[in-house]
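Okay, here's what each chain looks like letter by letter:
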Amino acid sequence: MSLPLHHRRHSVMSRPVKEHNQPRFSKTLVLLVLCILLGSLLRLVKFPTVPGGLNRDEAALGYNAFSLLKTGKDEWGKQWPIVFRSFGDYKLAGYIYTAIPSIAVFGLNAFSVRLPSLLAGIALIPLAYMFTLSFIPIHLSKKHIGVFAAGIQAIAPWALHYSKVAFEANLALMLFVLGLTYIIREAPQCTKKSFWGALLIFLSLITYNAPLVILPVIVLMMLLWKKKPIKSVILLALGIFVAFLLVFPATQSKRAITVFSDEGVKTSLMNGRFHAGSNILQRVYYSRPIYYSLVIGRQYISSFHPQFLVIRGGQNPWHQVPGAAHLSWTLYALAILGLVVGWKVFRREDNLLIYGIFFASPLASAITSDAPQATRMLLFFFMLTFFAAVGLFWISRYSKWIAMGVVIAATFELLFYMQIYLGSFAQHPQVEWLAGIDKAIVKANQLRTSNETIIIIGDQHYTYIYPLFYEKVNPIEFQSTVQYYPNDALGLSQVKQFGHYTFVSNGISAPAGSIGISQQTDGTITVK
């Protein structure tokens, strides 16, 4: 006898599902894990020995974290500060506090100092996936685009380099992107995740200065966004206000590196106004608002140029390796394509916010005197990888064979980049990395007699940080014996001596009865 219909429905629904019909791991999850593993492997190769030396900011971040760990004070004796005076450049607290646990576990060395940036760089791979899925409509293969974004984030030259060096900006980027993703995914509601998102963004504001310039524009875009997450915007605005109050000394010190304090720009403006005479158009052109706007505009546009992004990079040698820049040609082309077709891929109501974030992201670099400056535009690089994923997705829908060719081209460019990074750059780092200063300090102390002074010849602004770092000098001993030169024009502090170390500028020879450490023109460090 057959069962009534409602009994049959219950019978079917209660029937146990066979386990083998339910795959334990989805294809997307497997691909995402592979992207994370690939990105981790690329970042861990020769970590932390390449780059071959710590730059001065890395050493300062590490020593101040070490000083907090040992004494609860920074190198200047200030207790648990939010802004660290350091060289007089006023570093923010985020990275220094984050490095304390790794220094406590592994000691004060390159590995422990660079570890937070490495972990942030790896975390950005799945974050690229999450961020991308926040904007892709359900009817599209959104998870495919997310995997493309994670894969590109795993291999992008800028992402690899910034993960291998203790960059505050890299940690700040991870915090900012994670916080922004939480808020966007929960909009228009303000949930617990939205609160945590706002808190993460606040932490990014006290880790590096660039987000403090960019975030007000993004907040404005959120107010114009169709979803209008008003409560989240209020949280972000409150975070901006509190962060600005906390980091005000740092923002004041950074004025010296903006176009508004650049002597070359000031001289050009004054000469132009002098020669303008009674010419109204010339006087308007050389008025301060117009002239500075044009300078910033030119520097903003230069951020998009392949000369900066692909060929050479910026002026600072810490920000890229010789012979390479921040993106490969393939990723650059994909990003341009993604920018063009993206408005068709995203939800229409999200276009303003997405493109607003992208075009706001170079602003922190554009107002500085050495623009384009990579470290101040990591969000811009992240958005370029996001658009590159959109471009690759668009190609894959048109032709899988062409998409496969693009992936192969990107692979060959990755291999070429890694050959440079692990080959010529590993063997011959630029002189600015001071590779070998650690061994020179050890050697000088081995040669030194009890009455001899070690003279370190170089830039007086920062050379003192290397013996502090590599000798793990007790912060109390440093603070009790340190003597300073007068501050320079930018307000930067110059250590004259501490303990048995004295620091002099280039061109001065070590006197008799002392041991000198100096860097030669080819980058080698000598002890004599």
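Residues numbered from 1 in each chain as written. Predicted model: local features only at pLDDT ≥ 70, side-chain atom pairs only at ≥ 80, totals over all residues. Heavy atoms only, no water.

Let's talk about the packing of aromatic side chains
- Applying the stated criterion across every chain yields a total of 48 aromatic pairs.
- With centroids separated by 5.9 Å and ring planes inclined at 65 degrees, the aromatic side chains of F84 and Y97 adopt a geometry described as edge-to-face. One end of the pair, F84, is in strand β1 (residues 83-84); the other, Y97, is in helix α4 (residues 94-106), and 13 residues separate them in sequence.
- Each ring, one from F260 and one from Y292, has its centre 5.2 Å from the other, and the planes form 45 degrees; the classification is tilted. Taken together, the residues span a long stretch of sequence, with F260 in the loop between α12 (248-254) and α13 (263-276) and Y292 in helix α15 (residues 288-302) at a distance of 32 residues.
- Here the guanidinium or amino end of R56 rests over the ring plane of Y462, the centre of that ring lying 4.6 Å away. (Phe/Tyr/Trp six-rings, centres within 6.5 Å; stacked < 30°, edge-to-face > 60°. Helix = DSSP H or I, 4+ residues; strand = E, 2+ residues; numbered from the N terminus. Lys NZ or Arg CZ within 6 Å of the ring centre and 35° of its normal.)

Considering the packing of helix α9 (residues 192-205) against helix α10 (residues 210-224)
- For the pair α9 and α10, interaxial distance at closest approach is 8 Å and the crossing angle is 135 degrees. Here α10 runs oblique to α9, going by the angle between their axes. Together, I201, S204 and L205 of α9 and P211, L212 and L215 of α10 make up the contact between the two elements.
- By residue class, the composition of the contact of α9 with α10 is five nonpolar, one polar and no charged. (Axes fitted to C-alpha atoms, helices over the stretch in contact; angles between N-to-C directions. Parallel < 35°, antiparallel > 145°, perpendicular 65-115°, else oblique. Contact = heavy atoms within 4.5 Å. Nonpolar A, V, L, I, M, F, W, Y, C, P; charged D, E, K, R; others polar.)

A few points about the confidence of the model for the chain
- Averaged over every residue, the pLDDT of the chain is 90; the share at 70 or more is 94%.
- Scored below 50 in pLDDT, residues 1-22 makes two contacts in the model with residues more than four places away or belonging to other chains. (pLDDT = per-residue confidence, 0-100.)

Side note on the sheet that holds strand β6 (residues 501-504)
- Taken together, six strands build an open sheet; the order of strands is β4-β5-β6-β3-β7-β8 and the sheet is mixed. Each edge of the open sheet is held by one strand with a lone partner, namely β4 (483-485) and β8 (525-527). In this sheet, neighbouring strand axes are inclined to one another by 25 degrees on average, regardless of whether the strands run parallel or antiparallel. (Pairing = 2+ DSSP bridges.)

Re the layout of surface pockets
- Its boundaries defined by the atoms lining it, the largest pocket holds a volume of some 1200 Å³.
- D89, K254, I257, Q373 and R376 are, among the 41 residues lining the largest pocket, the residues nearest its centre.
- Elements with a contribution of two residues or more to the lining of the largest pocket: α3 (56-71), β2 (91-92), α8 (168-186), α10 and α12.
- Partitioned by chemical class, the residues of the lining of the largest pocket number 18 nonpolar, 13 polar and 10 charged.
- Per-element tally for the lining of the second largest pocket: the top contributor is helix α21 (residues 400-422), with eight residues.
- For the lining of the second largest pocket, the class distribution of residues is 18 nonpolar, six polar and three charged. (1 Å grid on protein atoms, 1.4 Å probe; cavity = no way out; pocket = protein on both sides within 12 Å on 5 of 7 lines; lining within 4 Å. Points joined across faces, edges and corners; volume = space filled by probe spheres on them.)

A few points about the side chain of N351
- Along the chain, N351 turns up in helix α18 (residues 351-360).
- When neighbours within four sequence positions are excluded, N351 is seen to be in contact with G342, W343, F346 and G356.

Some thoughts on empty space enclosed by the protein
- Considering all chains together, one arrives at two cavities of 30 Å³ or more under this definition.
- A volume near 110 Å³ is recorded for the largest cavity.
- In terms of lining residues, the largest cavity is bounded by 13 residues, among which L173, A210, P211, L378 and L379 are the most central.
- Those elements that provide at least two residues to the lining of the largest cavity are α8, α10 and α20 (378-398).
- For the lining of the largest cavity, the element with the highest residue contribution is α8, accounting for four residues.
- Of the residues belonging to the lining of the largest cavity, the class tally is 11 nonpolar, one polar and one charged.
- In this structure, the second largest cavity encloses a volume near 30 Å³.
- Around the second largest cavity sit G314, Q315, N316, H319, D370, P372, Q373 and A374, which together line it.
- Tallied by class, the residues present in the lining of the second largest cavity amount to two nonpolar, five polar and one charged.

Thoughts on helix α6 (residues 142-155)
- If you check α6, its first and last C-alpha atoms are 20 Å apart, about what 14 residues at 1.5 Å a residue would give, namely 20 Å.
- Burial analysis of α6 places 10 of its 14 residues in the buried class, the great majority of the element.
- Looking only at α6, the buried set comprises I145, G146, V147, A149, A150, G151, I152, Q153, A154 and I155.
- Those residues of α6 hidden inside the fold are in contact with α2 (27-44), α5 (110-133), α7 (157-163), α17 (329-345), α20 and α21. (Expected span 1.5 Å × (residues − 1). Buried < 20%, exposed > 50% of the residue type's maximum accessible area, 1.4 Å probe, protein only.)

Observations regarding the pairing of strand β7 (residues 514-519)
- Taking burial as the measure, the six residues of β7 include five buried ones, the bulk of the element.
- Direction of pairing for strand β3 (residues 453-457) relative to β7: parallel, over a ladder of four bridges. Bridge assignment links T453 to a residue of β7, and that residue is S514.
- Pairing of β7 with β8, which is carried by three bridges, proceeds in the antiparallel orientation. Residue I517 lies in a different strand from β8, and its bridge partner there is V527.

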